[in-house]
Amino acid sequence: MIHSLFLINHSGDIFLEKHWKSVISHSVCDYFFEAKEKAVDPEDVPPVLQTPHHYLITVHRGKLFFLSVVQTEVPPLFVIEFLHRVADTFQDYFGECSESVIKDNVVTVYELLEEMLDNGFPLATESNVLKELIRPPTILRSVVNTLTGSSNVGDTLPTGQLSTIPWRRADVKYTNNEAYFDVIEEIDAILDKSGTTVFAEIQALCFSSHNPRLLDDVSFHPCVRFKRWESERTLSFIPPDGNFTLMNYHVSSQNPVAIPVYVKQSISFFESGPCGRLDITIGPKQTMGKTVEALMVKIHMPKAVLSANLTATQGNYTYDLPNKVLVWDIGKLNPQKLPNLKGILSLQAGAPKPEDNPSLNIDLRIQQVAISGLKVSRLEMFGEKYKPFKGVKYVTKAGKFQVRT
Amino acid sequence: MSASSAFNDEKGGSSSVGEPEYGHDPASGGIFSSDYKRHDDLKEMLDSNKDSLKLEAMKRIVAMIARGKNASDLFPAVVKNVACKNIEVKKLVYVYLVRYAEEQQDLALLSISTFQRGLKDPNQLIRASALRVLSSIRVTIIVPIMMLAIKEAASDMSPYVRKTAAHAIPKLYSLDPEQKDQLIEVIEKLLADKTTLVAGSVVMAFEEVCPERIDLIHKNYRKLCNLLIDVEEWGQVVIINMLTRYARTQFLNPNMNESLLEEGNDKTFYGSDDDEDEEEEEEKKSEAPMPKRKPYVMDPDHRLLLRNTKPLLQSRNAAVVMAVAQLYFHLAPKVEVGVIAKALVRLLRSHSEVQYVVLQNVASMTIKRRGMFEPYLKSFYIRSTDPTQIKVLKLEVLTNLANETNISTILREFQTYIKSMDKDFVAATIQAIGRCATNIGEVRDTCLNGLVQLLSNRDELVVAESVVVIKKLLQMQPEKHSDIIKHMAKLTDNIQVPMARASILWLIGEYCEHVPKIAPDVLRKMAKSFTNEEDIVKLQIINLAAKLYLTNSKQTKLLTQYVLNLAKYDQNYDIRDRARFIRQLIVPTEKSGALSKYAKKLFLALKPAPVLESPFKDRDHFQLGSLSHLLNAKAGGYQELPDWPEAAPDPSVRNVEVPEWTKCSSREKRKEKKVEKPFYSDSEGESGPTESADSESDSASGSEIGSGVVGSVSGTASEESEEGSESEEEEEEEEEDEKDKKMTMKKELKKPVQESESEQSSEEEEERKHERKKSKARKSDSESESDEDEDSESESSQSESEDSESEAEVKKKKKAAQSKPPSKPVKKESKKEMSLLDLDDFEPAPSPQVTPLNSFLSNSLATDLEGLSLSDAVLSPATLSPCSALKSYELLHRIRGEGLSVEYCFSRQPFSPDANMVAVQMQFTNNATSETKNLHMEEVKLQSGMRVKEFPEIELLPAGETATAVMGIDFCDSTQAANFQLCTHTRKFFVSIQPPVGELMRPVFLTENEFKKEQGQLMGMNELSEKLTLDAECRNEHAIVQRVTAAANLSRVPCGSDRECRFAGRTVTSGSLVLATVATKEEAAAQLTVNCEKMVIGTMLVKDVLLALTQ
């Protein structure tokens, strides 16, 4: 299975290596660097590379490459999923998954990797189990450790590892028991030039119950009892301790999806001079009576665009020249006074008129509404004598929301 | 091997990489003095008493390892801390050890005993981590220790330890593939484990060690299916993939009936005829083809698998979803496959790497099962923000999904793609349009027009790609499109991309009759620029010239000549060759033969239109979701997905039999005993509800003796005996009686001879031997009883009072049964041997970890033989005597050897040709009816350093005869097996000899003082001591001496105290001293101490002697 892991930063330095079997020279990464050279964008490096003696499977997370070396047949998704799990664990432990954080905690990282794989096969990947084996670093603990000489490593087998519910520690005790549910729905949509919906669907993270007709496809955290869901459409589960994603669901494109905003736009480049014109207006469409917040428009401009001289009636715009990205940060959408961005784009002199029109990526957020109309109808807890605090919060966001021009 | 070379690479590599910290690094070899200083620093910290300092040092060292720096020279300082109390230090030492053990094998061995102690720790986490580290140390010499540890851990009470044991199996296998057979036994045992924790790991081990042993799955199939949902996600992936392969070998193709549907219709047609006669006839007719027509009924086990995997489509783990998806794709009836589409589409929301893999698989699926993804067409629409590789894959899927009904939507979508900024993607889109146009006739013209419009695109790449695609499309119906060809001819002025130019020229040449006016003009222009063109363009110019010459020679003759002349002097030999070849073909000369007549036919033949195929076509012959599928090339270790069988194999193999349950219950009793042992007490409480690793095999029964080794060996024994018992049950019963008696008696008889033979014929020695034989006889009694017990045979144990006469009777009876008159003594002896060998089936096979106590039966056999020969006074006692007190092992069984059986024993005599070799005495018996010739050895395969002195060839071994020969093996002081082929004039047999550690030494004589002095020098890591409780029959000095010398070839050292027995010997190869002391205390308590500079020998010897004394 997984033979070795190399962590590589964007400039191509290997700053951590771990081998679960015999040592493999880091020169094997040269094949990866070669592929990386070729790719324009780090996203375009093929996740699976074949070298004469090994296969390299890479994931790209937070400006880092997690490159694993395998020698024999293994399902590629198995490795990819695992590598992402490693990155998730780092994030969980250190708050972020970046080169500096990993370098600062290199020993903990190494201990974690040691526990996560045995002979290249995953051993403990559940965060609750890992946290009992290797305690995450906190300032308090590091002070205590230096004073008392106690260690960060547990000396008994976490009970979770043996139970059928590895995601929960035994004997979790808090003074307050609280359960919060965030229902976060994301709208994925492609709108064409005229504003008609080409494709739209809702993706959601987290939680729901009792709206079976709508939910097209669901995936669960292992704690959810499949059988109960199948028969009663009720989510029954023993929750892990801490934050987790309970379920993902997907409201398919067959159902009509409410699109919260409309966009009127025209971007055109003149045949005659080295310039173009841009005019964008955004207005509310189906917002369920709520305010659209954190509205933002991102446009990847053609290469020839040198600068933008625009005026926005609301919010600010910036043009990132090296990446050719125009960002217009609008904020709250005011239905009375629609935000508008208008002005001139100047092109490189002598460059041909760009043929392609850039597309608009829209980001937004609507609080207290799940656009699919989904509601948590009931939330019950068993096995506790007192009434814990329960709360449900709904948010609708734009996912991959794109307007073509 | 590769590992070591890789390591060298790294050493080389690390010096070429310059990193900031480099200068400070001990591995850099930069400024020596400063390095040295820093090392000292770390070493000092490691040597200190403070755990905090040690921890700090280890953290720094681990950080070095993490950065890929070499920290190997700290090995001695680090390894000392392996037994450190601080758990974090310990863990970091483990990390270090696993990393460098391979390079520092000798030093690594120093740590082994710590792990062996750890394996017995009451804390399951410590047991597991000890096993993890021990099995990760890639040092071949500890293979036997690893094997032992794995076997022991496989029957541990803690499922976590058993899981670790399963993980250790592939590690050991990669270190020493020779261990495969033994490992398979462990896998078999663990496969029967009923805990979810173990299931995934053991299936992983199965896949790596013995994926071909699909038979091991049968009995566990249903259990695996039922456990699946509760197995951890990684295990689920492995199990599902394995079960997919399994199902392909065991069940019938659920889609097989599709082809038989028509036949089914026939039948109803017949059935509608009411005529009775006809019906009868029909019955008759259908008798033969019946199996074929039989409606397909899915095996319930097949259904079980599909049903139990389906909920996993909702797993959060993409790998699990993919595994289930491929299972459904490969195994489910067509109508049911659809459910996976939804789940796969959901994965497209995940990380881009996941999307990449999923899309590859979806692309393969859409070729065979287009329908199931059609509803999700829009989910594959491309966003401008997708990475190019994702875009291209989505495009592939969209193209595969295109059909008459959705093509207009897809083409509209494609139109937006063509405007993209990403030119690679645009090129891919143009090809996709071409493919849609070829596959769907209705839109061909539309597509062609669209592409022609693209010819005026400003981007040259787009134009070039369009030209290439148009060329392919035009080939399908050229006559309609002469204006397009004309349009393209004009492009030659502008377009520079060679592939596009070549395509245009080919088109004009091919269809020059449609554009008769333009074609010669194009050739003229091309002739002008010929020298500046790329090679592929030049070749097409020559082609064009040739075709024009043949159709329109008037206008183009001179031009053609000119082009050919230019080509004749071209730098590229292909072009020169082509020009010469074409000139010969088209320009008729006297020399050119018949071919030129056919030139026109050759050049202007109708060419089949190209087929534009998906690159994913037929990729599904690789198991979907696999690495091989992704790369479209077989990856190492890939297991082919077999085709469905024609007829389903017997489904009853998956039935779990009842007798096994009864066995189970009896075992449970034994287990209870085991639980009582103080050693597990602590941890076992926690793992209470989980089931133990107990398995169908009887091996656990042996563990009541106290150690897993014996357990597994006796397990094998009982298995074998089961086999044997089928045919020879009766015989064996008699045999059993007979043998026991003979043993006691014959040993008595043998005594004097032994005395004369023995090197030190002191009275004490003699008495000891006497004692030993007696106790052995007793033990073998109990052994055979327990054997019967395990076989659950209800035969009553024979009465002890029977005398030797009755034994003789039995013998006679048997001979009569075999209807072979006892003609001469030798014959008789061999016959005796034969019947004894049948008995032999009951014996434990000589496993590498053979413990002396398991071979009493064969031992007694040797004694038996001896006794016989003595009484018959035929064979000289000298040849046989060495075997007297020695165990013999089977090298080749009568059945496998096709009548030839071979046994060997370690004669414990110096091997005269080479003092560094262990003498192995072999006894060949020909049980066949024909003679065997030219018995000799071939193809000796040894671990490095080992040597073999072959035995002299035995030219003739007549039927029924027995012969002995002595060979010498230098085992290099290791218990590695010597493998070789035993050849007769007709056959070759692969055999191997593996010595118990006790045979790797020879006795030396030391005085008490010498012994003490030597022992004083072998302290510390070289001393191993274990407390033990002596066996009830082993509480006196004689018994102890006898058992120790039986277990190991040591000699006794005189000793003043009667509470101590001392033994000394030297290893055969290196002559390292081996000292053993057994100090008895009150009651049965005793302490065994072994001092030996060879750590591994020492540890193994302790094990063996311990066993000998406690049993």
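Residues numbered from 1 in each chain as written. Chains lettered and ligands numbered in written order. Predicted model: local features only at pLDDT ≥ 70, side-chain atom pairs only at ≥ 80, totals over all residues. Heavy atoms only, no water.

## Thoughts on a nonpolar patch on the surface
What counts, and what does not: Patch membership requires over 30% relative accessible area and the absence of a salt bridge. Like charges are linked within 9 Å, and nonpolar side chains (Val, Leu, Ile, Met, Phe, Trp, Tyr) within 5 Å. Under the convention used here, a 1.4 Å probe and the Shrake-Rupley method define accessible areas, while residue burial counts only the protein chains that appear. Whenever a carboxyl oxygen of Asp or Glu lies within 4 Å of a side-chain nitrogen of Lys or Arg, that contact is scored as a salt bridge. The helix count covers DSSP runs of H or I at least four residues long, the strand count covers runs of E at least two residues long, and both are numbered beginning at the N terminus.
Together, Leu-595, Tyr-598 and Leu-602 of chain B make up a nonpolar patch on the protein surface, roughly 320 Å² of accessible area in all. Note on placement: Leu-602 of chain B falls in helix H34 (residues 599-603).

## Details of the sheet that holds strand S9 (residues 988-993) of chain B
Residues and elements named next belong to chain B. As a reminder, the rule being used: Strands pair, by our definition, only if DSSP identifies at least two bridges between them. Note on geometry: axes are lines fitted to C-alpha atoms, helical ones only across the stretch in contact, with angles between N-to-C directions running from 0 to 180 degrees.
Across the sheet, four strands lie side by side as S6-S4-S8-S9; this open sheet has antiparallel pairing. Each edge of the open sheet is held by one strand with a lone partner, namely strand S6 (954-957) and S9. Across the sheet, the mean angle separating the axes of adjacent strands is 35° when strand polarity is ignored. When strand S4 (residues 932-941) meets strand S8 (residues 978-983), the two strands line up antiparallel, connected through four bridges. Counted as the bridge partner of Glu-938 is Gln-981 from S8.

## Examining the sheet that holds strand S5 (residues 947-949) of chain B
Residue and element names in this part refer to chain B. Taken together, the five strands give an open sheet; going across it, the order is S1-S2-S3-S7-S5, and neighbouring strands pair in antiparallel fashion. What marks the edges here is a single partner per strand, and that holds for strand S1 (888-892) and S5. Looking at each pair of strands side by side, their axes are set apart by 30° on average, direction ignored.

## Observations regarding the packing of helix H24 (residues 407-418) of chain B against helix H25 (residues 423-439) of chain B
Each pair of packed helices can be summarised by the angle the axes make with each other and by the distance between the axes. All names here are of chain B. Which entries qualify depends on this criterion: Oblique is the label for any angle not under 35 degrees, not over 145, and not in the 65 to 115 range, which are roughly parallel, roughly antiparallel and roughly perpendicular in turn. Less than a right angle of anticlockwise turn of the near helix away from the far helix marks a crossing as left-handed, whereas a clockwise turn marks it as right-handed. For this analysis, residues touch if any pair of their heavy atoms sits within 4.5 Å. Asp, Glu, Lys and Arg are counted as charged, while Ala, Val, Leu, Ile, Met, Phe, Trp, Tyr, Cys and Pro are counted as nonpolar; the rest, among them Gly, fall into the polar class.
One way to put it is that H24 packs onto H25 with a least axis distance of 9 Å and a crossing angle of 155°. Relative to H25, the element H24 is oriented roughly antiparallel. When the axes of H24 and H25 are compared, the crossing they make is left-handed. Within the contact between the two elements, H24 uses Ile-407, Phe-414, Tyr-417 and Ile-418 and H25 uses Phe-425, Val-426, Thr-429, Ala-432, Ile-433 and Cys-436. Classifying every residue of the contact of H24 with H25 gives nine nonpolar, one polar and no charged.

## Focus on the packing of aromatic side chains
Geometrically, a pair of aromatic rings is defined through the distance of the ring centres and the angle of the planes. Residue and element names in this part refer to chain B. Applied cut-off: Any two rings among Phe, Tyr and Trp, with Trp reduced to its six-membered ring, count as a pair given centres within 6.5 Å; such a pair is stacked if its planes are under 30 degrees apart, edge-to-face if over 60, and tilted if neither. Burial classes: relative accessible area under 20% of the type maximum marks a residue as buried, over 50% as exposed, and values in between as partly exposed (1.4 Å probe, protein chains only).
Under the counting rule described, the total for this entry stands at 22 aromatic pairs over all chains. Ring geometry for Tyr-96 against Tyr-100: centres 4.9 Å apart, planes inclined by 45°, an arrangement best described as tilted. One end of the pair, Tyr-96, and the other, Tyr-100, are both in helix H5 (residues 87-100), four residues apart, so they sit about a helical turn from each other. Just as Tyr-96 is buried, Tyr-100 falls in that class too.

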